[in-house]
Amino acid sequence: MFLTGLAPEKPFKGEQVAKGRFLTVLAIAGVASLALPTHAQLPLASQQAAPTPPPASSYQGSVDKGTPSNDVLSLTLDDAVQRGLQTNLGLLLSNTQTTNTRGQRLEELQALLPSIDANIKEGFVQSDLAAQGLRIPGFPTIIGPFGYTDLRANLTWTVLNLNSLKKYMAARHYFQGAQLTADDARQIVILTVGNAYLRVLADQAQIESTEAQVATSKVSLDQAASNHSAGTAPKLDELRAQVDNQSLQQQLIVARNAREKDKLALARTIGLPLAQKFELADKAPYSAFDQLDVQKAIQQALANRKDRQAYAENTRAAEDQRKAATYDRLPTIKADADYGDIGVNVRHSHGTVDADGTLTIPIFKEAQFRGEAQVAQSQLDDQRDHQNDLDAQIEADVRDALLDIASSQQQVEVSHSNVELSNEVLSEAQDRYKAGVSDNLAVSDAQQTVAQANNQYINSLYQHNLAKLNLARAMGVAQNYKEYLGGK
């Protein structure tokens, strides 16, 4: 064993000490050929970094699967969610990140394992001693030609390296964090798909409401035209009714266009071919939500959220990275060995073996050691700060969702009552105009009030259901979206 600051070169091979080792060496070479590459071939970074989650915009995309058919697909919310969990781009990128960190973990593991490789060397040598300045009387100046065969297996093993051990521990935590991030991505996909589905449902409700208003305005227009023809109403009434009818037709065109665009957005999130025609099979549910205890909901969210658990794993990885930087100052022990057969040919060969151990003690690398420690400490501090911020953000998410649920629930109740009242006002105005008591200005105003009340009701219903989905996501239980949309 050598005591030095640097690993020494291997000594020259000793004398040939045995015959008949060819079969043994060949077996070793066969096993060694299946082994992992040596650690020296793995360019490991001095500092690992926490996996980066995919950007939020990636959850709006997907990988298309299948080809469009001529049939109209009936799509339920469950169908949409399951399609999203299979094809959504954000989730696929998260799974790819998990595979990447798994590979990095294996790379770091190799630094702790022995590396074995094998080589077969066939040589041909002829030397001119005179050209090299060696002139020995009575000794030939030309040596050779001669050939030799060398079959050899080499083993390299860093027996003790605490720095590599801590780097492997960090890589393992990063891998576990990536798995948890992929689990959290499933929650985001459910929220994204659910939101897109509810948006199309709201568009459909808006179209149905506007179509009803167009039909009502057409009745008013026909009545105004009839009264004007009979001479009981001025031309202004007919023009006013015609303007109202055309305005509602324009709103209907806009609503239908919005629905088709939102259907495209939904198809993009779930990997449905954009040319595939589909209709939503579910309707927008409404169920009053029983308010939860805020503190209990926050505690449940902190316990369930996968992104929080992923941050905890990344923090542990950063702690191991910091320790690895400290352990750079400690000695390492390395073992090297090779065994093989060398001779004129495989039938006339001799076995050779060589083994040595090296204790390496770093003497002066202060700038490198301090730099690595500062980089690792900065990563650890950054990770801890983000984890603390995430805890506060989770609490804010839960509180925001509960506030939105309470507010939107009141808006649904008020707007529903407002729809009924505005319809009564419209009916009363139509009756008065039909009886000739007033002109159709009151009818026009009442129709606008009905349209506004319906818009508010549809939007408040959408916001209420979206707030319940947001609460399920905030509490880390988005997979239970049915319970939340249906009340709890």
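Residues numbered from 1 in each chain as written. Predicted model: local features only at pLDDT ≥ 70, side-chain atom pairs only at ≥ 80, totals over all residues. Heavy atoms only, no water.

Caption draft 1: Expanded view of a nonpolar patch on the surface. On the surface, a nonpolar cluster with roughly 460 Å² of combined accessible area is contributed by Trp-157, Val-159, Leu-160, Leu-162, Leu-165 and Leu-330. Counting only elements with at least two residues in the nonpolar patch, the list comes to strand S5 (142–160) and helix H4 (162–230). Assessed through its relative accessible area of 31%, Leu-162 is described here as partly exposed. (Patch = residues over 30% accessible without salt bridge, like charges linked within 9 Å, V, L, I, M, F, W, Y side chains within 5 Å. Areas by Shrake-Rupley, 256 points an atom, 1.4 Å probe, with all protein chains shown as cover. Salt bridge = Lys/Arg side-chain N within 4 Å of Asp/Glu carboxyl O. Helix = DSSP H or I, 4+ residues; strand = E, 2+ residues; numbered from the N terminus. Buried < 20%, exposed > 50% of the residue type's maximum accessible area, 1.4 Å probe, protein only.)

Caption draft 2: Summary view of the side chain of Arg-305. Along the polypeptide, Arg-305 turns up in the loop between helix H6 (294–304) and helix H7 (306–327). Residue classification places Arg-305 among the buried positions, given a relative accessible area of 3%. Only 2.9 Å separates the side chain of Arg-305 from the side chain of Asp-307, close enough to count as a polar contact. Apart from the residues within four sequence positions on either side, Arg-305 is in contact with Ile-394, Asp-397, Arg-473, Ala-474 and Gly-476. (Polar contact = N/O pair within 3.5 Å; in protein donor to acceptor, adjacent residues only side chain to side chain. Contact = heavy atoms within 4.5 Å.)

Caption draft 3: View of the pattern of salt bridges. Evaluated as defined, the whole model comprises 22 salt bridges. Between Asp-184 and Arg-473 there is a salt bridge, and its shortest N-O distance comes to 2.6 Å. Here Asp-184 is found in helix H4, whereas its partner Arg-473 is found in helix H9 (residues 441–474), with 289 residues between them in sequence. You'll find Asp-184 and Arg-473 in the same group, each marked buried. Between Asp-203 and Arg-199 there is a salt bridge, with its nearest N and O atoms 3.7 Å apart. With Asp-203 and Arg-199 both in helix H4, this residue pair falls four residues apart, about one helical turn. In this structure Arg-199 comes out as partly exposed when scored by relative accessible area, which is 27%. Here the salt bridges do not stand alone but share partners, grouping Asp-184, Arg-305, Asp-307, Asp-397 and Arg-473 into one network.

Caption draft 4: Structural context of H9. In this model, H9 (34 residues) spans 49 Å end to end at C-alpha, consistent with the 50 Å of a helix rising 1.5 Å per residue. Taken from the residues just after H9, Gly-476 is the one with a positive phi, measuring 75°. (Expected span 1.5 Å × (residues − 1).)

Caption draft 5: Seen up close, a negative patch on the surface. Taken together, Asp-381, Asp-382, Asp-385 and Asp-389 make up a surface patch of like negative charges. Note on placement: Asp-385 falls in helix H8 (residues 366–434). Take Asp-385: its relative accessible area is 52%, and that puts it in the exposed class. (Lys, Arg positive; Asp, Glu negative; His and termini not counted. Charge placed at Lys NZ, Arg CZ, Asp CG, Glu CD.)

Caption draft 6: The arrangement of empty space enclosed by the protein in detail. The tally for this structure, following the rule as stated, stands at one cavity of 30 Å³ or more. Within this model, the largest cavity holds a volume of roughly 60 Å³. Together, Ser-217, Ser-220, Ala-241, Asp-244, Tyr-433, Asn-440, Val-443, Ser-444 and Gln-447 line the largest cavity. Elements supplying a minimum of two residues to the lining of the largest cavity: H4, helix H5 (235–270) and H9. For the lining of the largest cavity, the leading source of residues is H9, giving three residues. (1 Å grid on protein atoms, 1.4 Å probe; cavity = no way out; pocket = protein on both sides within 12 Å on 5 of 7 lines; lining within 4 Å. Points joined across faces, edges and corners; volume = space filled by probe spheres on them.)

Caption draft 7: Broad picture of the confidence of the model for the protein. Looking at the protein, pLDDT values average 87 and 90% of them are 70 or higher. In the model, residues 1–45 has pLDDT below 50 throughout and makes 71 contacts with residues more than four positions away in sequence or in other chains. (pLDDT = per-residue confidence, 0-100.)

Caption draft 8: Just the nonpolar core, in detail. Ranked by size, the top nonpolar core spans 31 residues in total, and within it Leu-75, Tyr-197, Leu-266 and Leu-280 carry the most contacts. Put simply, the parts of the chain that give this core at least two residues each are helix H2 (77–87), H4, H5, strand S6 (278–280), H9 and helix H10 (481–485). Per-element accounting of this core gives the leading share, eleven residues, to H4. The next biggest cluster of nonpolar side chains, apart from the first, holds 18 residues, and it includes Leu-390, Ala-401, Val-477 and Tyr-484. (Core = buried A, V, L, I, M, F, W, Y, C linked by side-chain atoms within 4.5 Å.)

Caption draft 9: Region of the structure containing the layout of surface pockets. In this model, the second largest pocket occupies a volume close to 610 Å³. In terms of lining, the second largest pocket is formed by 30 residues, of which the most central are Pro-51, Thr-52, Pro-53, Thr-181 and Tyr-311. Residue assignment for the lining of the second largest pocket shows that the elements contributing at least two residues are helix H3 (89–110), H4, H7 and H8. The element contributing the most residues to the lining of the second largest pocket is H4, with eight residues. Split into classes, the residues belonging to the lining of the second largest pocket amount to 14 nonpolar, twelve polar and four charged. (Nonpolar A, V, L, I, M, F, W, Y, C, P; charged D, E, K, R; others polar.)

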